[in-house]
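# Architecture at a glance
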Protein chains: 2
Amino acid sequence: MNLLFQYFKQFNTLSKEAEAAIVAISSIVTIKKGKDLQPIGHTCKTIYFINKGVARIYYFKDGIDITESFFFENNIIARVESLFTGKPSRKAIQVLEDSEVVAINANQLFKLYDTFPEIERLFRKIFEAAYVETVNRIEGMQFHSAEERYNALLSEAPNVLMRVPLKYVASYLGITQVSLSRIRAHR
Amino acid sequence: MNLLFQYFKQFNTLSKEAEAAIVAISSIVTIKKGKDLQPIGHTCKTIYFINKGVARIYYFKDGIDITESFFFENNIIARVESLFTGKPSRKAIQVLEDSEVVAINANQLFKLYDTFPEIERLFRKIFEAAYVETVNRIEGMQFHSAEERYNALLSEAPNVLMRVPLKYVASYLGITQVSLSRIRAHR
DNA sequence: TTAATTATTTATCTTATGTTAAAGGATTAG
DNA sequence: CTAATCCTTTAACATAAGATAAATAATTAA
């Protein structure tokens, strides 16, 4: 869990006791490419951290598979619209490569907030940063053509295009696979 | 500031001391229709709560005014991409009616987090809820036609359409004013 | 390794939305 | 109250992206 605690340090430094408390409610999970880490309809009670692999959050709209977001090594994943509301999620988390993740029990984590304000602060900051990213993404979606969005992704997150099947990238960009092919073929 | 503390109760109940501490770093601001509460290029150091009025966050893309979001009575506004990063914001907050807001000094608020964990928790929950709304909005923007987005707004937030000039609604929906007129004219 | 499946591209046609311009309404300022 | 400004709609045309289908290309499983 070294990577995880390295990651935490970016946001808030934890005491040994706090680190131990987090270790006690966490476990390592390995999962094969293509499998769902969490299924649709399930209420999110786990926060994941990716040690190795790639994952996406996806859902179905009118029977069509739509990717909401991608996650790579050294990042937290959670379906926050379920985690923070306690409602079942209409979304699933799937890994796109054989992966290893740290699974943190969210209910136990939230209990730790009472005893360790430093842990509450840590996760406050983590989710504030995630919130900022989401707000920035909205800006990217307003009034940008599909081609602009593709080019932005190419320059800001080329790893997405290297490691993720294009059909998932297309729905992430809000376009069809056919349109994405057309754009890649240079117009 | 009654409305504000009523609003807070939805998220976390505060002690009298904590409430007093917040009152001490807050002030009431009245501002005329059309004025900017915070200008573009300014680093966000204030969290606002709307007692009365309507506001929007907007920015310019290629010289075109784009509305990122609307805010009504009984809600918090902040340009979180600046507030949580300390960087200047490319966005402004403007009121669309004569308005009255509570201005909370953010730096002083963040200092209160150390003495009042209950205040840190309160704002953690407030921004978690705002984060969830933003994630839901992304879902609304992926693979929905302009007409679907207009109809969704009409049923979920009719007050936007009642109180806000349509030219601002158009950019919020990610379309031109002309397209919005066409959609409203029933196709 | 080969067959089967899955992913990507290409082609054609259709449609929604953008662009520009102009006219009609509504609101604001003097 | 009137003129000036700003907002909204309408029209005509251009273009980006959707839909469907079929052809390649790449992966996976037997």
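Residues numbered from 1 in each chain as written. Chains lettered and ligands numbered in written order. Predicted model: local features only at pLDDT ≥ 70, side-chain atom pairs only at ≥ 80, totals over all residues. Heavy atoms only, no water.

What follows concerns the overall build of chain A. Looking only at helices and strands, chain A features 9 helices and 8 strands. For chain A, whose C-alpha radius of gyration is 17 Å, the value lies close to the compact-globule estimate of 16 Å for 187 residues. Taken over the C-alpha atoms alone, chain A extends approximately 55 × 30 × 30 Å along its principal axes. Split into buried and exposed, the 187 residues of chain A put 54% on the buried side. Once local pairs closer than 6 in sequence are excluded, the contacts in chain A between residues at least 24 apart make up 71%. For chain A, the exposed area adds up to about 8800 Å²; of that, 52% sits on carbon and sulfur atoms. Within chain A, one finds 24 positive and 20 negative side-chain charges whose respective centroids are separated by 5 Å. (Helix = DSSP H or I, 4+ residues; strand = E, 2+ residues; numbered from the N terminus. Rg over C-alpha atoms; globule rule 2.2 N^0.38 Å. Buried < 20%, exposed > 50% of the residue type's maximum accessible area, 1.4 Å probe, protein only. Contact = heavy atoms within 4.5 Å. Areas by Shrake-Rupley, 256 points an atom, 1.4 Å probe, with all protein chains shown as cover. Lys, Arg positive; Asp, Glu negative; His and termini not counted. Charge placed at Lys NZ, Arg CZ, Asp CG, Glu CD.)

Attention now goes to the relation of the copies chain A and chain B. Between the two copies of this chain, the relationship is a rotation about some axis together with a displacement along it. For these two chains of identical sequence, chain A goes onto chain B by a turn of 180 degrees and a shift of 0.0 Å along the axis, with RMSD 0.0 Å. Overall, the copies show the geometry of a two-fold rotation axis. Taken as a fraction of all interface residues of chain A, those also at the interface in chain B reach 100%, which identifies the copy contact as same-surface. (Least-squares fit on C-alpha atoms with pLDDT ≥ 70 in both.)

Right, let's get into the sheet that holds strand β8 (residues 99–105) of chain A. Residue and element names in this part refer to chain A. With antiparallel pairing, 4 strands are arranged side by side in an open sheet as β1-β8-β3-β6. Each having just a single partner strand, β1 (26–31) and β6 (76–77) make up the two edges of the open sheet. Pairing of strand β3 (residues 46–52) with β8, which is carried by 6 bridges, proceeds in the antiparallel orientation. The residue of β8 that forms the bridge with Ile47 is Ile104. (Pairing = 2+ DSSP bridges.)

The next subject is the interface of chain A and chain B. The figure often quoted for interface size is the accessible area lost as the parts come together. Listed per partner, the contact involves 37 residues of chain A and 37 residues of chain B. Here chain A packs against chain B, burying approximately 3800 Å² in sum over the two surfaces, 61% of which is carbon and sulfur. When residues of chain A are sorted by the area they lose upon contact with chain B, Tyr131, Gln142 and Phe143 of chain A head the list and together hold 21% of the total. Applying the counting criterion to the chain A and chain B interface returns 22 residue pairs in polar contact (both at pLDDT 80 or more). (Buried area = accessible area lost by both parts, 1.4 Å probe. Polar contact = N/O pair within 3.5 Å; in protein donor to acceptor, adjacent residues only side chain to side chain.)

This next bit is on the protein's contact with DNA strand D. Around DNA strand D, a shell composed of 19 residues is seen, among which Lys33, Ala146 and Ser179 of chain A together with Lys167 and Ser181 of chain B lie nearest. Within 4 Å of the protein, the contacting atoms of DNA strand D are 57% sugar and phosphate, with bases supplying the remainder. Thr176 of chain A is positioned with one of its side-chain polar atoms (N or O) 3.2 Å from a phosphate oxygen of DNA strand D. Arg182 of chain A has a polar side-chain atom sitting 2.9 Å from a base nitrogen of DNA strand D. Contributions of two or more residues to the surface near DNA strand D are made by α9 (177–184) of chain A together with α8 (166–173) and α9 (177–184) of chain B. (Near = heavy atom within 4 Å.)

Take it as geometry only, folks, not as evidence of what the structure does.
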